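Next come the chains, spelled out residue by residue.
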Amino acid sequence: MKYKILILTVLLLGAINSQTQTKSSFVNTVKGISDTPPEGYVPPLVSNGSLSMLIDYKGGQTQQKYANLTPGIYWAGRKYGPVPDELIPFGHFQQALIVNGKEYKDPVSWEQTLDAEKAIVTCKNDYGNDLSVETVIFTHMDHDLIVIKKKITSKSSDIHAAEIALKYQFTQPGDANVLPRRVKSECKFDEKSQSVRFQYEADGHALRLFKGVISLFADKQTEAYIDNQMVYMSAKMDLSKDKTAEITYYLLFSDSMDGDDYLERANELESKIKQEGFAGLEKSHIEGWEEYHQECFVHLPDAQMERVYNTAQYHLRANATKWSFPVGIYPNHWHGRYFGWDETFCFQALASSNHLSISKRCPEFRFNVLPQALSRVAHYGKPGLFGARYPWETLEDGLEGAPSPYGFWIDHVFHMSNIAVSAWLQYLYSGDLNYLKTIGYPVIMQCARFFVTHMVYENKDGTMYIGKCTDLERIGPAVQNPFMTSCGAIYNLEAAAQASILLNEDEGERARWLHIAGKLRESLPAENNMYVPHLDYEEKSIAALGGLFPYPIFDSDNEWQKNAAYDFVTNGKAFGNMYPKGVSICPWYAGWIAAALSLYGDKTEPVSVLTDAANNSGLFGELFEINEPPEILSVPWFSTAAGNYVYGVNQMLIQCKDDKIWISPAIPNAWEDYAFKLACFGDLTATVYIKKGKIANLLLSPGSSNKEINRTLIIPENLVDMRKLNKKTNVSIETKDGMCLVRVKVKDQLQLFL
């Protein structure tokens, strides 16, 4: 039976692809002339969640700014210390090409491609009638290794040879041959390994000295010229026979942050590289990314939406460090620090996309640094029932990384709720009770205790409210009873109570949590029959959607929340960014709106805002914090936007609550052909194909829990053709209010429609 299901799935996928795509929606190509890239060009991100870099159209890292980003190499977790804890730059590389004594710098024309499925960037530089150079670059999925392959092709009968070089310099950004500050390095040629090695010491975070090695070598005979911290590794290429020649450079990194055996690990990786070569490394790299992408897919009738969705899925994995999910592993992205607020938006996208082994890193990180958060509010070092307080910008060891002097944003507390959201949703999606007991619940519970002891105030009449704090920054500091922060506290307290019931723990506190949550619901700020960001607030704010997203504490029948949500959609465009600038809804707000309004079954607004966001994406499908060229180009490759965009699309396609699964709850009626494989609560995935407006296949697949799962699927009646129902399934079906309610029991794969 499983083989039949697989064949049907492949056939349906091919049919949908043929209708909606002329080429892979993972492949993004940009073309340009000479040294003038098209407007809005930002180099593509090349990253494996450890090494992170931008690669320009020349196949290197020319030192110039694109939307305030200068291409370079950065390594997750490698930061200076103490505060401000900034990423240490690990240099940059460029190509040098010489033919018959002439140096070729700028191409006549060029083409650059990001393959977001394979996580590979290809640059094709054409030098008129003389020659062309193709560069293939990737950071290996499993290693701290950059692979750079150069293919030279002669187009002239007068060109029989060429000299190509990779110039790498372990320096600060810019062309000056100066080491990064507070770094010592010795660069020399290693005869044994036939590589150039930079052995360095860096004054790292928390005043910890760490040591490392950077190794550069090639698969062809080369000559290395060393000048201080710059190496010029050149090779003479014979083009007389086949008109083409290739060389692959390898740039690997190893340091004591991962263990004192860093030199041994570097030697082992060098041996592996030389044994496997480019072909073997590319194969294992692609296989690693295939495993990630096979966990989910989405195919949409809107090609641009799908393109941006797939780039965002690539971005989420490329940004996933072994700790958690920063805004980006780049200086302009807050130096790779971890915001409990932003990382949860990446988490939600990953978890709902069935990437549970990756999404789990977020709550695991918060559990691992829980002792530091407990210590932050302990009474003279003695933690009691005061809970935990996580930093606003957390470093890898759990300490505060926000640069001083601090601003009013340091008075946020809603990141505590977001941290609880990720810890609780990981359980809901995985169904892993052991995870909840050992990792998730301790985090959720301590965040709940924080709100109880630090933020909840009680009036003499028994009413309760959240005390003054900073809600969304645009609203301003010292806001009393802020709506969104209050919704977050309610979500946190109710999640803690639910988890304590499941684990049969903390019964006394549970009653207190539920009582406070109920009182906070009663005191939420409202005016004119709708919730407001806070009383007497004169502007509009997306915070008014806070009871739907990121804290779904209301059912769809709550009129005040619904009124608030649509009031912002109608009147809030002028307030569509975190900061008081710009004139449109920024991409990460668009995902926020889509996720929120999808809960109402809205078939118009979610797709509208996501379409606008997709149309305002970068040339490679990347999303910005704000992208309103030419005036505002703020933070390209912004992971928060990628997370919210993916989650917004996912919520349009499928939603879960308790034992219910909504199929296509917010899909426009005009969409007749689409498909998806996404996660459901309880270690379950749903693979759904819609063809010509009807369900052609619906497959429910449990994970490894091997237990029977009871679910009710809620499907729009217009999508259901009862003739395609699998008669071998034992299900009960009823129709109500235009919906088909399908009650199923799942233990093995269950195919409902054929």
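Residues numbered from 1 in each chain as written. Predicted model: local features only at pLDDT ≥ 70, side-chain atom pairs only at ≥ 80, totals over all residues. Heavy atoms only, no water.

Caption draft 1: Representation of the pairing of strand S34 (residues 732–736) within the structure. Where S34 lies against strand S35 (residues 739–746), 5 bridges are found, and the strand directions are antiparallel. Opposite Lys-736, over in S35, you have Met-739 as the bridge partner. Counted between consecutive antiparallel strands, the loop separating S34 from S35 contains 2 residues, among which Asp-737 sits at a positive phi close to 55°. (Pairing = 2+ DSSP bridges. Helix = DSSP H or I, 4+ residues; strand = E, 2+ residues; numbered from the N terminus.)

Caption draft 2: The arrangement of the nonpolar core in detail. By size, the foremost hydrophobic cluster in this structure holds 231 residues, and its most contacted members are Phe-93, Tyr-168 and Leu-472. It is helix H9 (residues 433–455) that provides the largest number of residues to this core, a total of 12 residues. Among the nonpolar cores identified, the runner-up in size contains 16 residues, and Ile-120, Leu-145, Phe-278 and Ile-286 belong to it. (Core = buried A, V, L, I, M, F, W, Y, C linked by side-chain atoms within 4.5 Å. Buried < 20%, exposed > 50% of the residue type's maximum accessible area, 1.4 Å probe, protein only.)

Caption draft 3: The arrangement of the layout of surface pockets in detail. In this structure, the largest pocket occupies an estimated 1,500 Å³ of space. In this structure, the largest pocket is lined by 50 residues; those nearest its centre are Cys-656, Lys-657, Asp-658, Trp-662 and Phe-681. For the lining of the largest pocket, the secondary structure elements donating two or more residues are helix H8 (414–430), helix H10 (483–503), helix H13 (587–598), helix H15 (639–653), strand S28 (654–657), strand S33 (709–716) and S35. Residues of the lining of the largest pocket, tallied by class, amount to 29 nonpolar, 9 polar and 12 charged. (1 Å grid on protein atoms, 1.4 Å probe; cavity = no way out; pocket = protein on both sides within 12 Å on 5 of 7 lines; lining within 4 Å. Points joined across faces, edges and corners; volume = space filled by probe spheres on them. Nonpolar A, V, L, I, M, F, W, Y, C, P; charged D, E, K, R; others polar.)

Caption draft 4: Representation of the packing of helix H6 (residues 361–368) against H9 in the model. One can describe the packing of H6 onto H9 by two numbers: an axis separation of 9 Å at closest approach and a directional angle of 70°. Judged by the angle between their axes, H6 and H9 are roughly perpendicular. Both H6 and H9 take part in a crossing whose hand is left-handed. Between H6, through Pro-363, Glu-364, Arg-366 and Phe-367, and H9, the contact on the second element is made entirely by Tyr-435, Thr-438, Ile-439, Pro-442 and Val-443. (Axes fitted to C-alpha atoms, helices over the stretch in contact; angles between N-to-C directions. Parallel < 35°, antiparallel > 145°, perpendicular 65-115°, else oblique. Left-handed = near helix turned anticlockwise from the far one by under 90°. Contact = heavy atoms within 4.5 Å.)

Caption draft 5: Just the sheet that holds strand S5 (residues 87–89), in detail. One open sheet accounts for 4 strands, arranged S2-S3-S4-S5; its pairing is antiparallel. Of all strands in the sheet, those with a lone pairing partner are strand S2 (45–47) and S5, marking the two edges. Within this sheet the neighbouring strands show an average axis-to-axis angle of 30°, counted without direction. As judged from the 2 bridges shared by strand S4 (residues 73–79) and S5, these two strands associate in the antiparallel manner.

Caption draft 6: Spotlight on the environment of Asn-528. Within the fold, Asn-528 resides in the loop between strand S24 (526–527) and strand S25 (530–531). Counting along the chain gives 374 residues from Asn-528 to Ser-154, while the straight-line C-alpha distance between them is 73 Å.

Caption draft 7: Highlighting unusual backbone geometry. The omega torsion of the bond from Phe-549 to Pro-550 falls at 5°, within 30 degrees of zero and hence cis. Of note, the amide linkage connecting Pro-629 to Pro-630 takes the cis form, showing an omega dihedral of 0°. Within the secondary structure, Pro-630 is located in the loop between strand S26 (626–628) and strand S27 (632–634). Phi at Asp-536 takes a positive value of approximately 65°, unusual for a residue other than glycine. Note that Asp-536 resides in the loop between S25 and helix H12 (559–571). Note on Asp-536: relative accessible area 65%, which makes it exposed.

Caption draft 8: Main features of empty space enclosed by the protein. Inspection of the entire model under this criterion finds 4 cavities of 30 Å³ or more. One number sums up the size of the largest cavity: a volume of about 80 Å³. Lining of the largest cavity is provided by 13 residues; of these, Leu-45, Ser-52, Gly-328, Ile-329 and Trp-637 occupy positions nearest its centre. Elements with a minimum of two residues in the lining of the largest cavity: S2, strand S3 (51–54) and helix H3 (303–318).

Caption draft 9: Representation of the sheet that holds strand S14 (residues 195–203). Taken in spatial order, the 9 strands of this open sheet run S1-S8-S9-S10-S11-S18-S15-S14-S13, and their pairing is antiparallel. Both outer strands of the open sheet, strand S1 (27–33) and strand S13 (183–190), are each paired with one neighbouring strand and no more. Put simply, the sheet's adjacent strands are angled 15° from each other on average, direction ignored. Where S1 meets strand S8 (residues 109–115), 7 bridges bridge the pair, whose relative direction is antiparallel. Across the sheet, Asn-28 pairs through a bridge with Leu-114, a residue of S8. Set on the sheet, helix H2 (residues 262–293) makes contact with strand S9 (120–127), strand S10 (131–139), strand S11 (145–154), S14, strand S15 (209–218) and strand S18 (244–255); between it and S18 the angle comes to about 140°.

Caption draft 10: Representation of the confidence of the model for the protein chain. Looking at the protein chain as a whole, its pLDDT mean stands at 94, while 96% of the residues score no less than 70. Low pLDDT (under 50) marks residues 1–22, which in the prediction has 30 contacts with non-local residues, meaning those over four places away or in another chain. (pLDDT = per-residue confidence, 0-100.)

Caption draft 11: Highlighting the pairing of strand S31 (residues 684–691). With 7 of its 8 residues buried, S31 lies for the most part within the structure. Sheet topology note: the strand S30 (residues 674–680)/S31 ladder contains 7 bridges and is antiparallel. Each residue of the ladder has a partner; that of Lys-677, found in S31, is Thr-687. As consecutive antiparallel partners, S30 and S31 are separated by 3 residues, and within that stretch Gly-682 has a phi angle of approximately 85°, a positive value. As paired elements, S31 and strand S32 (residues 694–702) share 8 bridges and run antiparallel to each other. In the sheet register, Tyr-689 faces S32, and the bridge partner there is Asn-697. Turn length for the S31-S32 hairpin, with the two strands adjacent in sequence and antiparallel, is 2 residues, and the turn residue Lys-692 shows positive phi of about 55°.

Caption draft 12: Fine view of H13. If you check H13, its first and last C-alpha atoms are 16 Å apart, about what 12 residues at 1.5 Å a residue would give, namely 16 Å. Most of H13 sits out of view: 12 of its 12 residues are buried. All of the buried residues in H13 are Pro-587, Trp-588, Tyr-589, Ala-590, Gly-591, Trp-592, Ile-593, Ala-594, Ala-595, Ala-596, Leu-597 and Ser-598. As for H13, its buried residues are in contact with helix H4 (340–352), H10, H12, helix H14 (605–615), H15 and S28. (Expected span 1.5 Å × (residues − 1).)

Caption draft 13: Seen up close, the packing of aromatic side chains. What the rule picks out here adds up to 48 aromatic pairs. Centroid distance Phe-90 to Tyr-200: 5.8 Å. Interplanar angle 70°. Geometry classified as edge-to-face. With a gap of 110 residues between them, Phe-90 in the loop between S5 and strand S6 (92–99) and Tyr-200 in strand S14 connect regions that are remote in the sequence. Owing to a relative accessible area of 2%, Tyr-200 belongs among the buried residues under this scheme. Among the aromatic residues, ring-to-ring pairing joins Trp-334, Phe-339, Trp-341, Phe-345, Trp-392, Phe-414, Phe-549, Trp-588, Tyr-589, Trp-592, Phe-638 and Tyr-647 into one connected group. Here Arg-181 stacks its cationic end above the ring of Tyr-80, 4.0 Å away from the centre of that ring. The ring of Tyr-600 has Lys-562 sitting right over it, with the charged end atom 5.4 Å from the ring centre. (Phe/Tyr/Trp six-rings, centres within 6.5 Å; stacked < 30°, edge-to-face > 60°. Lys NZ or Arg CZ within 6 Å of the ring centre and 35° of its normal.)

Caption draft 14: Representation of the packing of H14 against H15. Orientation of H14 relative to H15, taken along the N-to-C sense of each, is 150°, at an axis distance of 11 Å. In the crossing of H14 with H15, the sense of the turn from one axis to the other is left-handed. For the pair H14 and H15, the contacting residues are Pro-606, Val-607, Leu-610, Ala-613 and Ala-614 in the first and Tyr-645, Gly-648, Val-649 and Met-652 in the second. In terms of residue class, the contact of H14 with H15 is built from 8 nonpolar, 1 polar and no charged.

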